[in-house]
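# Notes for the structure review
Below, each chain spelled out in residue letters.
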Amino acid sequence: AQKVTQAQTEISVVEKEDVTLDCVYETRDTTYYLFWYKQPPSGELVFLIRRNSFDEQNEISGRYSWNFQKSTSSFNFTITASQVVDSAVYFCARSSGSARQLTFGSGTQLTVLP
Amino acid sequence: DVKVTQSSRYLVKRTGEKVFLECVQDMDHENMFWYRQDPGLGLRLIYFSYDVKMKEKGDIPEGYSVSREKKERFSLILESASTNQTSMYLCASSSSPWLSNYGYTFGSGTRLTVV
């Protein structure tokens, strides 16, 4: 199976620190999509970003930024100046060949301490 | 506001019971999915459906079945609940054939405890 690996199970930082969540994926597809979702304690996964495999431009949205490197099959997520409200489980996901399904990583529990 | 609604937030069932988890979406999405979420294992696909009355097994279908009689509703059935099916169950939907900009839209999850 083509996996999505989030090696960091849990990360704990102090408020205002920067933190990077790692995501490495496997795929044999030439075209695919990558996603990040946030799962706060309420339980519902919330969409953060989608990236197409043919677009390696990095993206910044406020305190969030994403680094996509096709050469290393990585799609890392950085939160700058973290806040307590960023505490959540973050999932990385990759589309399947049909682009109808997503394969998820095991998630990273981020705790931001005040 | 588009929604995926799961009928129960918390459920407690006894071993051997038949359990129904309901999921309804109001976005006219063709694709619907059931995942279970366990600590350290992420989201694992149980079953999915790309059309009414169509169903396909995911990665961990054993002990589960599904029903999709209407486009908006996708039900997960635990034929005879067991304690190892205690988990968080997440329903999701998406448009077809290519994933939309948002990928999946998720429900809030059902935390099932089998005692």
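Refer to the structure printed above.
The following refers to the structure shown. (Residues numbered from 1 in each chain as written. Chains lettered and ligands numbered in written order. Predicted model: local features only at pLDDT ≥ 70, side-chain atom pairs only at ≥ 80, totals over all residues. Heavy atoms only, no water.)

On to the overall build of chain B, then. Along the backbone of chain B there are zero helices and twelve strands. N-terminal to C-terminal, the α/β element order of chain B is β-β-β-β-β-β-β-β-β-β-β-β. Scaling as 2.2 N^0.38, a compact globule of 115 residues should have a C-alpha radius of gyration of about 13 Å, and chain B matches this with 13 Å. On the principal axes, the C-alpha backbone points of chain B span a range of 40 × 30 × 25 Å. Considering chain B as a whole, with its 115 residues, one finds that 50% of them fall into the buried category. Taking all contacts inside chain B whose residues are at least 6 apart in sequence as the whole, residues at least 24 apart take part in 55%. (Helix = DSSP H or I, 4+ residues; strand = E, 2+ residues; numbered from the N terminus. Rg over C-alpha atoms; globule rule 2.2 N^0.38 Å. Buried < 20%, exposed > 50% of the residue type's maximum accessible area, 1.4 Å probe, protein only. Contact = heavy atoms within 4.5 Å.)

Bringing the interface of chain B and chain A into the picture now. Many descriptions give the size of an interface as the accessible area lost when the pieces come together. The interface is formed by 26 residues belonging to chain B together with 20 residues belonging to chain A. Regarding the contact of chain B and chain A, the summed buried area is about 2000 Å², with carbon and sulfur atoms giving 53% of it. Taken together, the connections running from chain B to chain A amount to zero salt bridges. Scanning the region where chain B abuts chain A turns up seven residue pairs in polar contact (both at pLDDT 80 or more). Of all elements in the fold, only strand S5 (31-38), strand S6 (42-49) and strand S10 (87-94) of chain B reach the threshold of two or more residues within the side of chain B that touches chain A. (Buried area = accessible area lost by both parts, 1.4 Å probe. Salt bridge = Lys/Arg side-chain N within 4 Å of Asp/Glu carboxyl O. Polar contact = N/O pair within 3.5 Å; in protein donor to acceptor, adjacent residues only side chain to side chain.)

Let's shift gears to the pairing of strand S9 (residues 74-79) of chain A. All names here are of chain A. The buried count for S9 comes to six of six residues, which makes it a mostly enclosed element. Burial along S9 is two-sided: the residues Ser-74, Asn-76 and Thr-78 and Phe-75, Phe-77 and Ile-79 are all buried. In the sheet, strand S3 (residues 19-21) pairs with S9 via three bridges, with the strands oriented antiparallel. The residue bridging Thr-20 from the neighbouring strand is Thr-78, located in S9. For strand S8 (residues 64-69) and S9, the ladder comprises six bridges, and the chain directions are antiparallel. Bridging across to S9, Ser-65 finds its partner in Thr-78. (Pairing = 2+ DSSP bridges.)

Glancing now at the side chain of A:Thr78. Residues and elements named next belong to chain A. Residue position: Thr-78 is located in strand S9. There is a polar contact of 2.8 Å between the side chain of Thr-78 and the side chain of Thr-20. Apart from the residues lying within four places of it in its own chain, the contact partners of Thr-78 are Val-19, Thr-20, Arg-63, Tyr-64 and Ser-65.

Right, let's talk about the state of the cysteines for a bit. Per the counting criterion, the structure on display carries two disulfides over all chains. At a sulfur-sulfur separation of 1.9 Å, the disulfide partner of A:Cys23 is A:Cys92. Residues A:Cys23 and A:Cys92 share a disulfide whose torsion about the S-S bond is about -65°; that sign makes it left-handed. Placement of A:Cys23 in the loop between S3 and strand S4 (24-25) and of A:Cys92 in strand S10 (residues 88-95) is noted, with a sequence separation of 69 residues between them. In terms of burial, A:Cys23 and A:Cys92 fall into one category: buried. Between the sulfur of B:Cys23 and that of B:Cys91 lies a disulfide, 1.9 Å long from S to S. (Disulfide = S-S within 2.5 Å.)

Below, the discussion takes up the pattern of salt bridges. All names here are of chain B. Inspection of every chain in the model, using the stated rule, returns nine salt bridges over all chains. The closest approach of N and O atoms between Arg-36 and Asp-38, which form a salt bridge, is 2.8 Å. With a relative accessible area of 12%, Asp-38 lands in the buried category.

All names here are of chain A. Among the structural elements, Glu-17 can be located in the loop between strand S2 (10-14) and S3. In this structure, the C-alpha to C-alpha distance between Glu-17 and Leu-113, residues 96 residues apart in sequence, is 9.9 Å. If we skip the residues at most four places from it in the chain, Glu-17 touches Ile-79, Thr-80, Ala-81 and Ser-82.

None of this, on its own, says anything about what the molecule does.
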